[in-house]
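Report on the structure
So the chains spell out like this:
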Amino acid sequence: MNATRVLVLNSGSSSVKYQLLDMRDASRLAVGLVERIGEQTSRLKHTCLSSGDTREQNGPIADHDAALKAVAEELAKDGSGLDSPELAAIGHRVVHGGMFFTEPTVIDDAVLTEIERLIPVAPLHNPANLTGIRTAMALRPDLPQVAVFDTAFHTTMPESAARYAIETKLADRYRVRRYGFHGTSHAYVSRETARLLGRAPEDVNVIVLHLGNGASATAVRGGKCVDTSMGLTPLEGLVMGTRSGDLDPAVIFHLQRVGGMSMDEIDTLLNKRSGLFGLCGDNDMREIRRRMDEGDEQARLAFDIYIHRLKKYIGAYYAVLGTVDAVAFTAGVGENADFVRAAALAGLEGLGLAVDGARNAVRGGEARLISPDGARVAVAVVPTDEEMEIASQTYALVGKDSRGN
Ligand code: AMP
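Residues numbered from 1 in each chain as written. Predicted model: local features only at pLDDT ≥ 70, side-chain atom pairs only at ≥ 80, totals over all residues. Heavy atoms only, no water.

An unreviewed UniProt entry lists the chain under the name Acetate kinase, with Streptomyces carpinensis as the source organism. The UniProt entry for the chain carries this comment under Function (unreviewed entry): "Catalyzes the formation of acetyl phosphate from acetate and ATP. Can also catalyze the reverse reaction." (UniProt positions renumbered as here; feature names shortened; annotations may be inferred.)

See the structure below:
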């Protein structure tokens, strides 16, 4: 039997998201989530897509090992457990691959050591990713396990975009540079945008706006990232749900010296209590829209700050690329909030950028153009699919072996 299935695992500190895909026809067989691992109120929700069955388990799941075993049991109930001969590989999302990992990589001891060495630059994410990998490897030591890095797509950034203007020796010693994140999404969306335009990725320049709870913009020239808004960590760049994005680094000194805050408190403030949430108390764009419609000034100001920053990045990346073929919106806000798309591009007609009102208002799960006919720059809405991208990259790497050629 051909092994054509890939299990995609996205392990967070207290959660595991997973999808089982069959790469023969790029179909999704199962999706699920284990959350609140380590608490009394853990929950596993599993959906088998062929039967449409959804099952839920509530009750304590002690650790990632128990979580993955529970996931394996659910998959086995659908006839596609971890021991299935059809399973070709497990693809793991790994947030930080530093400069070292430019491609998806089959995991061995050396790879694990390198991911571990990157923990100081990704203290929240890489330890959780590693736990997921180690647990999966213990369950199926014989199966290829592949790491797909959020940073990999950005390793083509030139040094002029990747370096901060600080002392070089110090930057090198502590690996302080701009790495960028959401790379799997930016790679997928920029390629899908080229496909939508009927052109090869190598022939188009795209500005990708990944606007979810986390948000980042990327300038993609001929299929390769040349600049991105997130930096050493996912804190830099756009205004996000709860992250501040860009600010003068002196704000941190000021809060410490004058506000008496500790570094940990400032870290929490900028990552968890800033952005839209910090500005108006809500980080969900739907709620902000509702409040704006009721005349809420605070929500309006938060929205205006969000849009102002977004516009600045569109302009900056237009200048970086010189020629732009398309601007693509993706992720929760980018795919669903027509008012954000319209506001972000309002007044940019001089750059050849415009949104057709009727097209922008259409809702749907398919990639689509929302610019007027004959526009100089295409504007697209492209639903992202990070799991499919991780599965495709994983299968491309191991599929040949499992097909026996
Ligand atoms: P993500 O991180 O990509 O899952 O995006 C999550 C965010 O998308 C939420 O916090 C909302 O702000 C936003 N979102 C989801 N659905 C809608 C919608 N229908 N309209 C506006 N914003 C939405």
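Alright, that's what it looks like, and here's the rest.
1. A few points about the site of the ligand
G212, N213, N283, D284, M285, R286, A331, G332, V333, N336, A337 and R363 make up every residue found near the ligand. Here an oxygen atom of the ligand sits 2.8 Å away from a polar atom, N or O, in the main chain of M285. G332 is positioned such that a nitrogen or oxygen atom in its backbone is 2.9 Å from an oxygen atom of the ligand. Mapped onto the shell around the ligand, the elements with two or more residues apiece are α10 (285–293) and α12 (331–336). (Near = heavy atom within 4 Å. Polar contact = N/O pair within 3.5 Å; in protein donor to acceptor, adjacent residues only side chain to side chain. Helix = DSSP H or I, 4+ residues; strand = E, 2+ residues; numbered from the N terminus.)

2. Structural notes on the UniProt feature "active site" (unreviewed entry) in the chain
The feature "active site" (unreviewed entry), as given by UniProt, occupies D150 in the numbering adopted here. Tracing the sequence through the fold places D150 in the loop between β8 (145–149) and α4 (159–162). For D150, a relative accessible area of 1% corresponds to the buried category. In contact with D150, other than residues within four places in its own chain, are R93, V94, V95, G180, F181, H182, G183 and T184. (Buried < 20%, exposed > 50% of the residue type's maximum accessible area, 1.4 Å probe, protein only. Contact = heavy atoms within 4.5 Å.)

3. Regarding the pairing of strand β12 (residues 326–330)
Across the five residues of β12, five count as buried, placing the element largely inside the fold. Bridge count between strand β9 (residues 205–211) and β12: five bridges; the pairing is parallel. For V206, the partnering residue across the bridge sits in β12 and is A326. For β12 and strand β14 (residues 378–381), the ladder comprises four bridges, and the chain directions are parallel. Within β14, the position partnered with V327 by the bridge is V379. (Pairing = 2+ DSSP bridges.)

4. A look at the environment of M99
Looking at the element boundaries, M99 is found in the loop between β6 (87–94) and β7 (105–106). What makes M99 partly exposed here is its relative accessible area of 41%. Through-space distance from the C-alpha of M99 to that of L321 is 23 Å; in sequence the pair is 222 residues apart. Other than its neighbours up to four places away in sequence, M99 contacts R177 and Y179.

5. Some thoughts on the pattern of salt bridges
This structure, assessed with the given rule, holds 31 salt bridges. A salt bridge links R199 to D325; its shortest N-O distance comes to 3.5 Å. Residue R199 is found in the loop between α6 (183–196) and β9, and its partner D325 is found in the loop between α11 (297–321) and β12; the two are separated by 126 residues along the sequence. Here R291 makes a salt bridge to D296, at a shortest N to O gap of 2.8 Å. On the basis of relative accessibility, which here comes to 11%, the residue R291 falls in the buried class. By relative accessible area, D296 is classed as partly exposed at 24%. Each of R5, D22, R24 and E86 takes part in salt bridges that share partners, so that together they form one network. (Salt bridge = Lys/Arg side-chain N within 4 Å of Asp/Glu carboxyl O.)

6. Some thoughts on the sheet that holds β12
The strands that make up a sheet pair up through hydrogen bonds in the backbone, lying either parallel or antiparallel. Sheet architecture is open: six strands sit in the order β11-β10-β9-β12-β14-β13, paired in mixed fashion. Unpaired on one side and paired on the other, β11 (224–228) and β13 (368–369) mark the two borders of the sheet. The pairing of β9 with strand β10 (residues 215–221) spans seven bridges and is antiparallel. Looking at β10, one finds that V206 is bridged to V220. On the sheet, α6 packs against β9, β10, β12, β13 and β14 and is oriented at approximately 130° with respect to β9. (Axes fitted to C-alpha atoms, helices over the stretch in contact; angles between N-to-C directions.)

7. Comments concerning the packing of aromatic side chains
A ring pair, where both rings are aromatic, is described by two values, the distance of the centres and the angle of the planes. Following the criterion strictly, the structure yields four aromatic pairs and no others. Both rings, one in F303 and one in F339, keep their centres 5.9 Å apart while their planes meet at 35°; by these two values the pair is tilted. With a gap of 36 residues between them, F303 in helix α11 and F339 in helix α13 (residues 338–345) connect regions that are remote in the sequence. Overall, the relative accessible area of 5% leaves F303 in the buried class. (Phe/Tyr/Trp six-rings, centres within 6.5 Å; stacked < 30°, edge-to-face > 60°.)

8. Quick look at the layout of surface pockets
In this structure, the second largest pocket occupies an estimated 490 Å³ of space. Listing elements by their share of the lining of the second largest pocket, those giving two or more residues are β8, α6 and α15 (386–402). Considering only residue class, the lining of the second largest pocket consists of 10 nonpolar, nine polar and five charged. (1 Å grid on protein atoms, 1.4 Å probe; cavity = no way out; pocket = protein on both sides within 12 Å on 5 of 7 lines; lining within 4 Å. Points joined across faces, edges and corners; volume = space filled by probe spheres on them. Nonpolar A, V, L, I, M, F, W, Y, C, P; charged D, E, K, R; others polar.)

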